[in-house]
Amino acid sequence: MKTAVLIAALLAILAAAGYFALSVLADMPMLLISGPGLIALGLGIVISVALGGGLMALSYHSHRHGYDDDQDGRS
């Protein structure tokens, strides 16, 4: 139950942030980005987030499997 409420709250915050970002971009008439430019911007954001998430996952995996331990037994 607590997890579902937390996930719902985080998704609501994410949706509000996305709405705010899109409304700010829409209210800037001097910012002329073409359709392909917006697609490239969106792909850049998605790839950056995916890369960051993948690197964090590798970091956790490395730590959990002991790859980060000292080789001589000292900690």
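Just above, that's the structure.
All of the points below concern the structure found in this document.

Cut-offs applied
Residues numbered from 1 in each chain as written. Predicted model: local features only at pLDDT ≥ 70, side-chain atom pairs only at ≥ 80, totals over all residues. Heavy atoms only, no water. Helix = DSSP H or I, 4+ residues; strand = E, 2+ residues; numbered from the N terminus. Rg over C-alpha atoms; globule rule 2.2 N^0.38 Å. Buried < 20%, exposed > 50% of the residue type's maximum accessible area, 1.4 Å probe, protein only. Areas by Shrake-Rupley, 256 points an atom, 1.4 Å probe, with all protein chains shown as cover. Patch = residues over 30% accessible without salt bridge, like charges linked within 9 Å, V, L, I, M, F, W, Y side chains within 5 Å. Salt bridge = Lys/Arg side-chain N within 4 Å of Asp/Glu carboxyl O. Expected span 1.5 Å × (residues − 1). Polar contact = N/O pair within 3.5 Å; in protein donor to acceptor, adjacent residues only side chain to side chain.

## So, the overall build of the protein
So, step 1. Assigned secondary structure in the protein consists of two helices and zero strands.
So, step 2. The C-alpha atoms of the protein give 20 Å as radius of gyration, which overshoots the globular expectation for 75 residues (11 Å, by more than 25%).
So, step 3. Counting only C-alpha atoms and orienting by the principal axes, one finds that the protein spans roughly 60 × 35 × 15 Å.
So, step 4. The proportion of buried residues among the 75 residues of the protein is 1%.
So, step 5. Of the roughly 6,800 Å² of accessible surface on the protein, a fraction of 73% belongs to carbon and sulfur atoms.

## Quick word on a nonpolar patch on the surface
So, step 1. Taken together, the side chains of F20, L22, V24, L25, M28, M30, L31, I33, L38, L41, I45 and V49 define a hydrophobic patch exposed on the protein surface, amounting to about 1,100 Å² of accessible area.
So, step 2. Where the nonpolar patch is concerned, the elements lending two or more residues are α1 (2-26) and α2 (35-64).
So, step 3. Relative to the helices and strands, V49 resides in helix α2.
So, step 4. V49 gets classed as exposed once you look at its relative accessible area, which sits at 60%.

## Considerations on α2
A turn of α-helix holds 3.6 residues, and therefore any two residues three or four places apart point the same way.
So, step 1. Taking 1.5 Å as the rise per residue, α2 with 30 residues should run 44 Å; its terminal C-alpha atoms sit 43 Å apart, in good agreement.
So, step 2. Among the residues trailing α2, G66 stands out with phi positive, at a value near 80°.

## What about the environment of H65?
So, step 1. Mapping H65 onto the fold places it in the segment after α2.
So, step 2. Within polar-contact distance, the side chain of H65 engages the backbone oxygen of H61 at 3.0 Å.

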